[in-house]
Amino acid sequence: MSASRLTVTIGPTPPPRLDKALARDVPAEAHLSRTQISRLLEGGAVLANGDAVGARHAPREGDVYELLLPEAVETHMRPEDIPLDVVFEDDALIVVNKPAGMVVHPAPGTPSGTLVNALLHHCGESLSGVGGAKRPGIVHRIDKDTSGLLVVAKTDAAHQGLAAQFEAHTAARRYLALCYGVPDVGEPRLRGVRGVGFEPGGVVKITTQLARHKTDRQKQAVTWSGGRHAVTRARVLERFQDAVALVECRLETGRTHQIRVHMAHIGHGLVGDPVYGGRRKLSEKALGHDAAEAARSFPRQALHAQSLGFAHPVSGDALSFEAALPADMAGLLARFGP
């Protein structure tokens, strides 16, 4: 694979590690994130006086490093003519409303039919090399059976700018969920659950570490040592006979399965969630037979990425988008109504 060369000179008072120093001093027009720089270091593509150096190399002011940047190559993923619900699109990015049942990125079990395959067809030659491959820049993901909004970068500059916002937790993400029971701030039981706090406006704040489950590697689990910091804020929007609640969940962090794990942790797993929801017997007396049966048979976690806000990575303009509840969740919600 051919490569272009980028020279970086270390400025005054550099951080003690080379990866951090390069992330600070690399020219902005190179559009290299710290993650990309780390990959270059791991691959022996950062040279000092012709020799490869690693991330722990101690830089000094005035040191000059040469970065070997791979040219974008064609991806093994193939375009597929799959309809997309495009909410917004320009030269830098695209916002889509993903349906439940669609995987975001190809994997061994789902090599086709994904959002990426659809984007490759939709965007065509407008995609540039993100991370060394001609593919859409997936900045964040939502689960296969979660519906709602995602933003995808179309250029390296947009990818870096969006990724920085998600890393700094400045992108606003709001989800709607249907959960078992009512996670009300007035519920005495909640005050004894580790990691739970309360904020004005009836907000339940859940703060834990999340890591892979020790015995089931497909699941995530709450932990108190190791793992990754995770914060979810939940607020009840509507309650239905104290058996089911419509909840707004706002993400401060965006870990795998975060809302699903956190809601289960506080005893209010999501309706339809086959992994974390648990088996719940809903009161037919309270909800009525049809509503209780509809909840029992709901085929996916009742979770929808309803709104998304961020600063445009090129113009800096504040952008905000909303997606209405999909038909299946709206229909289930209607069953609980008067």
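Look up: the structure comes first, before these words.
Quantities reported herein were computed from a predicted structural model and do not represent experimental measurements.

Can you walk me through the overall build of the protein in this structure?
Counting its regular elements, the protein contains eight helices and 19 strands. Taking the principal axes of its C-alpha atoms as reference, the protein extends roughly 75 × 45 × 40 Å. Within the protein, the fraction of its 338 residues that count as buried is 45%. Long-range contacts, defined here as pairs at least 24 residues apart, represent 64% of the contacts in the protein between residues at least 6 apart. Charged side chains of the protein number 39 positive and 36 negative; the gap between the two group centres comes to 9 Å.

Which parts of the structure should I look at to understand the side chain of T146?
Relative to the assigned elements, T146 resides in the loop between β10 (137–138) and β11 (147–153). For T146, the side chain forms a polar contact with the side chain of Q301, separated by 3.1 Å. Excluding residues within four positions of it along the chain, T146 makes contact with K98, P99, A100, Y175, R300, Q301, L303, H304 and A305.

Sorry if this is basic, but what is going on with helix α5 (residues 258–265) here?
Residues three or four positions apart in an α-helix share a direction because the helix packs 3.6 residues into each turn. Of all eight residues that make up α5, six are buried, and the element is covered over most of its length. Where α5 is concerned, the buried positions are Q258, I259, R260, V261, H262 and M263. Considering only its buried residues, α5 is in contact with β12 (172–180), β14 (203–212), β15 (220–223), β16 (228–240), β17 (244–251) and β18 (303–311). Of the residues flanking the end of α5, it is G267, one or two places downstream, whose phi is positive at about 85°.

I tried to follow the environment of M263 on my own but got confused; where do I start?
Among the secondary structure elements, M263 is positioned in helix α5. Apart from the residues within four sequence positions on either side, M263 is in contact with C179, P183, I206, A234, V247, C249, H268, G269 and L270.

Before we go on, may I ask you to explain the nonpolar core in this structure?
The nonpolar side chains of soluble globular proteins are, as a tendency, buried together. Of all hydrophobic cores here, the largest spans 34 residues; its most connected members are Y175, I259 and M263. If you list the elements that add at least two residues to this core, you get β7 (93–98), α3 (115–123), β11, β12, β14, β17, α5 and β18. It is α3 that provides the largest number of residues to this core, a total of five residues. Core analysis: the second largest hydrophobic core is formed by 20 residues, L176, V271, A295 and F336 among them.

Help me understand helix α2 (residues 34–42) in this model?
Listing the buried residues of α2 in full gives Q36, I37, S38, L40 and L41. Where the residues of α2 are buried, they touch α1 (18–25), β2 (46–48) and β4 (64–70). Directly beyond the C-terminal end of α2, a positive phi value near 70° is found at G44.

Is there a simple way to explain the environment of Q241 in this structure?
For Q241, the position within the fold is in the loop between β16 and β17. Sequence separation between Q241 and F336 is 95 residues; the distance between their C-alpha atoms is 8.9 Å. Q241 has contacts with A286 and L287, leaving out every residue within four places of it along the chain.

Help me understand unusual backbone geometry, please; the structure alone is not making it clear to me.
Negative phi values dominate among residues other than glycine, just as trans dominates among peptide bonds. Phi is positive for N49, close to 55°, though the residue is something other than glycine. Here N49 lies in the loop between β2 and β3 (51–52). At H169, a residue that is not glycine, the phi angle is positive and equals roughly 65°. Locating H169 in the fold gives a position in the loop between α4 (156–167) and β12. The class for H169 is partly exposed, based on a relative accessible area of 34%.

Whenever I open this one, the pairing of β11 confuses me. Can you help?
The side chains of a regular strand alternate between both faces of the sheet. The buried fraction of β11 amounts to seven of the seven residues, a majority that puts the element mostly inside the structure. Pairing between β7 and β11: six bridges, direction antiparallel. Paired with I94 across the strands is V152, a residue of β11.

I keep staring at the side chain of K98 and nothing clicks. Help me out?
Position of K98 relative to the elements: it lies in strand β7. Polar side-chain contacts of K98 include one of 3.3 Å to the backbone oxygen of D143. The residues contacting K98, other than those within four sequence positions of it, are V104, I142, D143, K144, T146, S147, G148 and L150.

Cut-offs used in this document
Residues numbered from 1 in each chain as written. Predicted model: local features only at pLDDT ≥ 70, side-chain atom pairs only at ≥ 80, totals over all residues. Heavy atoms only, no water. Helix = DSSP H or I, 4+ residues; strand = E, 2+ residues; numbered from the N terminus. Buried < 20%, exposed > 50% of the residue type's maximum accessible area, 1.4 Å probe, protein only. Contact = heavy atoms within 4.5 Å. Lys, Arg positive; Asp, Glu negative; His and termini not counted. Charge placed at Lys NZ, Arg CZ, Asp CG, Glu CD. Polar contact = N/O pair within 3.5 Å; in protein donor to acceptor, adjacent residues only side chain to side chain. Core = buried A, V, L, I, M, F, W, Y, C linked by side-chain atoms within 4.5 Å. Pairing = 2+ DSSP bridges.

Geometric values such as these leave the question of function open.
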